[in-house]
Amino acid sequence: DFDRVYVSDNEWKQMNKKDAHDFLTLRRSYENAFTGIIEEGIKKKLFTKMHPRIATLTILSALRGLELRQKNKNEFSLAELQDNMVLHLINGITK
């Protein structure tokens, strides 16, 4: 859902201090859980050896780029975007 992604990436900056703090705490928790999944995959030799935090930030940054979909609806389909993101991100880290 584009609107939710946009709000989570941009509009939180307009929140009052407490709500922004709560939002950022939740986001850090989500990022840490994602990093844990990558660390586990590395330990199980499902992923190549890499810096898990950098991998997390790379993948999440790419997902935040879904805003491009809204701006380029006629250039590529949602299915093409999803397929290419999986190809570039996931196949780039698996053995």
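Thresholds applied
- Residues numbered from 1 in each chain as written.
- Predicted model: local features only at pLDDT ≥ 70, side-chain atom pairs only at ≥ 80, totals over all residues.
- Heavy atoms only, no water.
- Helix = DSSP H or I, 4+ residues; strand = E, 2+ residues; numbered from the N terminus.
- Buried < 20%, exposed > 50% of the residue type's maximum accessible area, 1.4 Å probe, protein only.
- Areas by Shrake-Rupley, 256 points an atom, 1.4 Å probe, with all protein chains shown as cover.
- pLDDT = per-residue confidence, 0-100.
- Expected span 1.5 Å × (residues − 1).
- Arc of directions from axis to C-beta.
- Contact = heavy atoms within 4.5 Å.
- Phe/Tyr/Trp six-rings, centres within 6.5 Å; stacked < 30°, edge-to-face > 60°.
- Salt bridge = Lys/Arg side-chain N within 4 Å of Asp/Glu carboxyl O.

What follows concerns the overall build of the chain. The helix and strand inventory of the chain stands at five helices and zero strands. Moving toward the C terminus, one meets the helices and strands of the chain in the order α-α-α-α-α. Residues counted as buried form 22% of the 95 residues belonging to the chain. By element, 57% of the accessible surface of the chain is carried by carbon and sulfur atoms, the whole surface being about 7,200 Å².

Averaged over all residues, the pLDDT of the chain is 82; the fraction at 70 or higher stands at 79%. Mean pLDDT across the elements of the chain bottoms out in helix 1 (residues 2–9) (61) and peaks in helix 2 (residues 17–43) (93).

This part is about helix 3 (residues 52–64). Taking 1.5 Å of rise per residue, 13 residues should cover 18 Å, and helix 3 covers 18 Å from first to last C-alpha, within 8% of that figure. Every buried residue of helix 3 is accounted for by P52, A55, T56, I59 and L60. Along the long axis of helix 3, the arc covered by the buried residues comes to 120°, so they all point the same way. The secondary structure elements touched by the buried residues of helix 3 are helix 2 and helix 5 (78–89).

Turning our attention to the packing of aromatic side chains. Counted by the stated rule, this structure contains one aromatic pair. With 6.4 Å between their ring centres and 45° between their planes, Y30 and F34 make a pair best called tilted. Of this pair, Y30 and F34 both sit in helix 2, separated by four residues, roughly a single helical turn.

Under the definition given, this model contains three salt bridges. A salt bridge links K18 to D22, with the shortest nitrogen-to-oxygen separation between them at 2.7 Å. Highlighted residues: K18 and D22, both in helix 2, separated by four residues, approximately one helical turn. For E40, the salt bridge goes to K44, with nearest N and O atoms at 3.8 Å. Given the relative accessible area of 36%, E40 is considered partly exposed.

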